[in-house]
Amino acid sequence: MSATDRVSLTDALSNVDVLDELPLPDEQPCIEAQPCSVVYQANFDTNFEDRNGFVTGIAKYIEEATVHASLNELLDEGQEHAVMLYTWRCCSRAIPQPKSNEQPNRVEIYEKTVEVLAPEVNKLLNFMYFQRKAIERFSQEVKRLCHTEKRKDFVSEAYLLTLGKFINMFAVLDELKNMKSSVKNDYSTYRRAAQFLKVMSDSQTLQESQNLSMFLATQNKIRDTVKENLEKINGYEELLADVVNICVHMFETKMYLTPSEKHMLVKVMGFGLFLMDSELCNINKLDQKKKLRLDRIDRIFKNLEVVPLFGDMQIAPFNYIKRSKHFDPSKWPLSNSNTPSPQADLMVHLPQIREDHVKYISELARYSNEVTTTYKESGSDTENRETAELALRGLQLLSEWTSVVTELYSWKLLHPTDHHQNKECPAEAEEYERATRYNYTEEEKFALIEVIAMIKGLQVLMARMETVFTDAIRRNIYAELQDFVQVNLREPLRKAIKNKKDLIRSIIMSVRETCADWQRGVEPLQDPALKGKKDPDNGFAIKVPRRNVGPSSTQLYMVRTMLESLIADKSGGKRTLRKDIDGQYLVLIDQFHKTSFYWGYLLNFSESLQNCCDLSQLWYREFYLEMTMGRRINKCTVRHHHNEECNDLVTMEKRIQFPIDMSMPWILTDHILKTKEPSMMEYVLYPLDLYNDSALYALTIFRKQFLYDEVEAEVNLCFDQFVYKLSEQIFAYYKQLAASIFLDKRFRVECAALGAYLLPYPRANRYETLLKQRHVQLLGRSIDLNKLITQRINADMQKSLDLAISKFEAGDITGVMELEGLLEVNRLCHKLLSKWLALDDFDSMFREANHNVLAPYGRITLHVFWELNYDFLPNYVYNAATNRFTKYKGHIVFTPTVHRDKPPQMSHHYLWGTKPLNMAYTTQYAQYSGFVGLHHFHAMCKLLGYQGIAVVMEELLKIVKSLVQGNLLQFTKTLMEAMPKVCKLPRYDYGSPGVLSYYHAQLNDIVQYPDARTELFHNFREFGNTILFCLLMEQALSQEEVCDLLQAAPFQNILPRPYCKEGEKPETKQKRLESKYSALQIVPNIEKLGTAKQAMISREGDLLTRERLCCGLSVFEVVLNRLRSFLDDPVWVGPPPANGVMNVDECTEFHRLWSALQFVYCIPVGETEYTVEELFGEGLHWAGCTMIVLLGQQRRFEALDFCYHILRVQRVDMKDQVVKGISLKRMVDRIRRFQVLNSQIFAILNKFLKSGENDEMSVEHVRCFPPPLHPSLTPQQHYHAPEHLRQAMII
Amino acid sequence: MSAPPREAIQKQIQQDWANREYIEVITVSIKKITDFLNSFDMSCRSKLAVLNEKLTTLERKIDYLEACVTKGETLT
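Residues numbered from 1 in each chain as written. Chains lettered and ligands numbered in written order. Predicted model: local features only at pLDDT ≥ 70, side-chain atom pairs only at ≥ 80, totals over all residues. Heavy atoms only, no water.

- In the nomenclature of an unreviewed UniProt entry, chain B corresponds to Protein BRICK1-B from the organism Aquatica leii.
- The Subcellular location (unreviewed entry) field of the UniProt record for chain B holds the comment "Cytoplasm, Cytoskeleton". (UniProt positions renumbered as here; feature names shortened; annotations may be inferred.)

- As recorded by an unreviewed UniProt entry, chain A carries the name Cytoplasmic FMR1-interacting protein and is attributed to Aquatica leii.
- The heading Sequence similarities (unreviewed entry) in the UniProt record of chain A holds the text "Belongs to the CYFIP family."

Structure below.
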């Protein structure tokens, strides 16, 4: 649309209406105060500028309007001066003072001082002139109204109230001037400088300066001047009594809206009475004359002991009374008593507030639903009235709650706590701290938060309905006004005309002409009422129009004041006008007058709403800052009896603001965070909104940049704290939740049964609502709370994983179980959090923590390998019966002790969540710390993955290689030397003791060899442990893979064979199942729906999963083959047999050496010695057997082994005796045990080694030797079993 | 007071009511536009925040993948 195009009004309006229909969803729950970026408030207050338009009004009231207008301007000016005084910050402290008269740059300093301070001093001068002018004007008004003739006349409510506002203004300005010593200091600094420079040369300026100086220095100057001036006026006390009475009346009938108006009324009562009480006038006597009602005022003063004066300055109105001349305590029984004021106790108000809140909210919700679901052009008169009443009631409730909060705050400020009343309050706490931080109990803080939340929450609801409310309000006010003026006033008018009461007639006519909006533009001239006649029998119909607009402010004032004059107790003449009006109409007029009081507020709904909810003053503390003089006094804090010397230790710290811990908004916010109270968690943003109030006040009322800056600085600090604390506790909460879910249920039950310690699930907290917040309005900024928390929790999560790995790194290999558990809990925690936060992928986080993104092997793999190498292989002892490794417990030290990093210090939430949970899990995992078994291998499998396992094994093989080709080879070579060249199998006839002693003699060198039982066996154990590790890893891996396969099966169209009844075809059943679960099958689905590339990837993935186990790939087999390749030294096999077949008695092959070693370790040991099993475990045997198998010497070993031979012989003769200190029976028992073990090991090894070979292939290697033929033997060798024959040949 | 001026005044008062009603209509419309702008603002912020979140996630993923595929040197 181009700019020149014209849009008709109807089009424009319908365009606006259409806006309503656009759906604008906001996906976050509203838990903050009214969030709006644009505020629109139309102000139609003309301050009586349009008074001359209402020429038909009574002239007196138009004149009065003129007076009002100028008085209002003075009041506004007074407000500006009050702001100036309140926000005055000491300048002179920042200005350097010349130290002596000789200082060379002192002229310059003075010049600058004058230059800087002149504009400020100018403000003070203006202030002095203003107060002079205002007092004069006030006195004039009082004088005019106190004129004897005038006294008889009626003074309007509005007029009296304006005078009351003046009295309030004087009180405020006087107190502010008294309080601000910095103003006086700044002025004297200026004066000194100015005098030095002789800036004030002429006598007039000097006089002015003298006056200002006196004015500032004299305490209570304004108050005294006002009093002095008033006392010169005859009968002023009566007028003031009227002012006080109207305040009492308005206070009692709740004719006020905002809290500040309410407080103003109370202040006027106090200060008014103070002004009245003088030499000439005694308020007690006025009370006796019933001109005042001191008992009612007494009650008001008791209920409201302290009212805010300005900002954080408070005043007890009763103090004015106490200071007055004729103070009589007996007249003030309540205020004078020591019973606490209800103002001081928020808890007594709370139940009522809650009830009102619930009632009102439900009513509003019902109404709001009605409005949004049904479309109406405009409601009926009744509906509009009800809506307007609803709006008014809402405003009044908000105002009441805000009053409760501010009044409590004021009372607390005036009644600071100390270390006697509050044990938490330190003795040296400063004044402001005692008034805020330590001055509220836990309950009070919660109650405050709750009330603030109710205020802010309802404000949002009402603001949302503003257009609906204002529409109804305007229609209602218009209807009531026009109905009253056009219809209700007819009767009194008729009567006045009939009875020729001209004054009444003219007033009523004025009212009608001032605001009647006649249907036809003019008054119906034929109306009989105008002639004082009765209506015709069928009545005289007047159709009152309806509009959507309220009266203008001047119009409303005119109507109300004119009507008030009709019903007033006073009039210019002897007779009041009341007497000439019928009672029923008086009631009507009175009613109208009362109702219309609130119209002004309702018509300015938006502004009233804001004023009713304004809690900005909870932050301001200029009064307390002034008291501290920009310093913090640090007293002697040493705990001892303070004496004179301590005073010398007092130090000053420069400071221009209080820390956030003393600031009400933060105290409340932090209270929720500290207590983590679930019912309060959703309120946490409301106390922060107090900063919005304060900042708005600084910008619009105080108009001070520095105040805004200070609020902003505090908000920056607080919000950082807020996000930090909140994210930490959210993370801790979810970690705790995850750990509680993960904790074994039976363990929990047993804990509960034992009553040892209970581990309850964390109390459900409402963090979700907070986590959904994506735009929180704070000081005009929009903050994505979700994003900020996500960032922090991401970091926490990362740290958590990092610490879990660090913890693992600080312990031995058994820690792998706890590591796995920790990672699982973190994974669960991540999953729970991911519902609300966009955290990084868990696996990426884990890989990052594991340093596994860039490097191929992570920290876990490295540590596992490190532990295997330095601790597991050399120090663990395997036992096949339990299938576990345990730690070697002997005294002989084979390896240096292992040094590990210290475990990192970490807070509970980085581990398992809380202290009790940490304890529970630590206890659980302690069960796994003494051994390495199946669980550990499973855990390692999962943590290392294929790649990790491959790396670890590769590295282990390297170690084994150096072991085999280094130490072991060396030992073998040495020992082979010590072996007898030939060692025969002794005949049975020698008997087993003989055989034993034969071998013992033969093998004496080996038995005596010192390193055999230590170093050599240790090396074999390391070798054996490696083999066992690889074997057990393979087993664990296979189990994991089987699980994988089973879980993957349904997605790969692998279905269990269905059960078939007789006659059913399995194929068809299978087909049906396949089609039933076809949606699960990945490959066909992706081929159908995905791209070609995706299809290919899925096919390959599928293939990989299928083939993994099917082709029987075995890690262990590969390991064995690699080991075989290490055994390439000729010493292992020795020279080829001389007979060309095999060595029988010669000791050249490795298996012979092993037989010798077996003989050594089969020798039973004494009671106190460690057996070989205890020292080295079965790793030793695994090493030996593996080598034998790999060298292809298994059969020869089994056939020719020395110990086996002893065993065989002993089996026959069953002898037992001690041969060379060896108990034969015990030895044989040991041999038997090891024989079984050896056969098991051989069986396992052969199973792996032979798995890939076909029987026919092995047959090919068989060399066939024809059996030697003995002539004495028959050709049939029937006693040779053919399989025995074959066995012999394979050897 | 004679009749014609009175009538004129009454007409003026009526005119004043009409004018003010007109002003009120405009004011209300501006208020509605303001309300609309505010809810539009809220709604947009909400949506933009979600979008931002998605972009951040993607960015972080890319960072991660970049780190995975590079061998120490950056892709740029």
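From this point, things continue past the structure.
### Thoughts on the confidence of the model for chain B
Part 1 of the reasoning: On average, chain B scores 86 in pLDDT, and the residues at 70 or more come to 87%.
Part 2 of the reasoning: Scored by ipTM, the complex comes to 0.91, with pTM at 0.88. (pLDDT = per-residue confidence, 0-100.)

### Brief notes about the packing of aromatic side chains
Residues and elements named next belong to chain A.
Part 1 of the reasoning: Enumeration according to the criterion identifies 64 aromatic pairs over all chains in this entry.
Part 2 of the reasoning: Between Phe-310 and Phe-702, the aromatic rings sit 6.3 Å apart at their centres with planes inclined by 35 degrees, giving tilted as the arrangement. You can see Phe-310 sitting in strand 1 (residues 307-310) and its partner Phe-702 sitting in helix 30 (residues 685-702), a full 392 residues away along the chain.
Part 3 of the reasoning: Judged by relative accessible area, Phe-310 falls into the buried class, the value being 10%.
Part 4 of the reasoning: Three or more aromatic residues link up through ring pairs in this structure, and these residues are Phe-1017, Phe-1020, Trp-1132, Phe-1150, Trp-1154, Tyr-1161, Phe-1176 and Phe-1234.
Part 5 of the reasoning: The ring of Phe-274 carries the charged tip of Lys-227 above its face, separated from the ring centre by 4.3 Å. (Phe/Tyr/Trp six-rings, centres within 6.5 Å; stacked < 30°, edge-to-face > 60°. Helix = DSSP H or I, 4+ residues; strand = E, 2+ residues; numbered from the N terminus. Buried < 20%, exposed > 50% of the residue type's maximum accessible area, 1.4 Å probe, protein only. Lys NZ or Arg CZ within 6 Å of the ring centre and 35° of its normal.)

### Describing the pattern of salt bridges
All names here are of chain A.
Part 1 of the reasoning: This model, assessed by the stated rule, comprises 77 salt bridges over all chains.
Part 2 of the reasoning: The shortest N-O distance in the salt bridge between Glu-77 and Lys-133 comes to 3.7 Å. Residue Glu-77 is located in helix 2 (residues 59-86), and its partner Lys-133 is located in helix 3 (residues 106-146); the two are separated by 56 residues in the primary sequence.
Part 3 of the reasoning: In this structure, Lys-359 and Glu-355 form a salt bridge, with 3.7 Å as the shortest nitrogen-oxygen distance. Of the two residues, Lys-359 and Glu-355 both sit in helix 15 (residues 346-373), four residues apart, roughly one turn of that helix.
Part 4 of the reasoning: Here Glu-355 falls in the partly exposed class, since its relative accessible area comes to 43%.
Part 5 of the reasoning: Here the salt bridges share partners, and the residues they tie into one network are Arg-490, Glu-491, Arg-494, Asp-527 and Asp-535. (Salt bridge = Lys/Arg side-chain N within 4 Å of Asp/Glu carboxyl O.)

### Focus: the interface of chain B and chain A
In many analyses, interface size is given as the accessible surface area lost on bringing the parts together.
Part 1 of the reasoning: Chain B puts 46 residues into the contact, and the matching count from chain A is 62 residues.
Part 2 of the reasoning: Carbon and sulfur atoms supply 61% of the area buried between chain B and chain A, which totals about 4,800 Å² over both sides.
Part 3 of the reasoning: For Glu-21 of chain B, the salt bridge is made with Arg-547 of chain A, and the minimal N-O distance between the two is 3.0 Å.
Part 4 of the reasoning: Applying the counting criterion to the chain B and chain A interface returns 20 residue pairs in polar contact (both at pLDDT 80 or more).
Part 5 of the reasoning: Looking at the side of chain B that touches chain A, its residues break down into 19 nonpolar, 13 polar and 14 charged. (Contact = heavy atoms within 4.5 Å. Buried area = accessible area lost by both parts, 1.4 Å probe. Polar contact = N/O pair within 3.5 Å; in protein donor to acceptor, adjacent residues only side chain to side chain. Nonpolar A, V, L, I, M, F, W, Y, C, P; charged D, E, K, R; others polar.)

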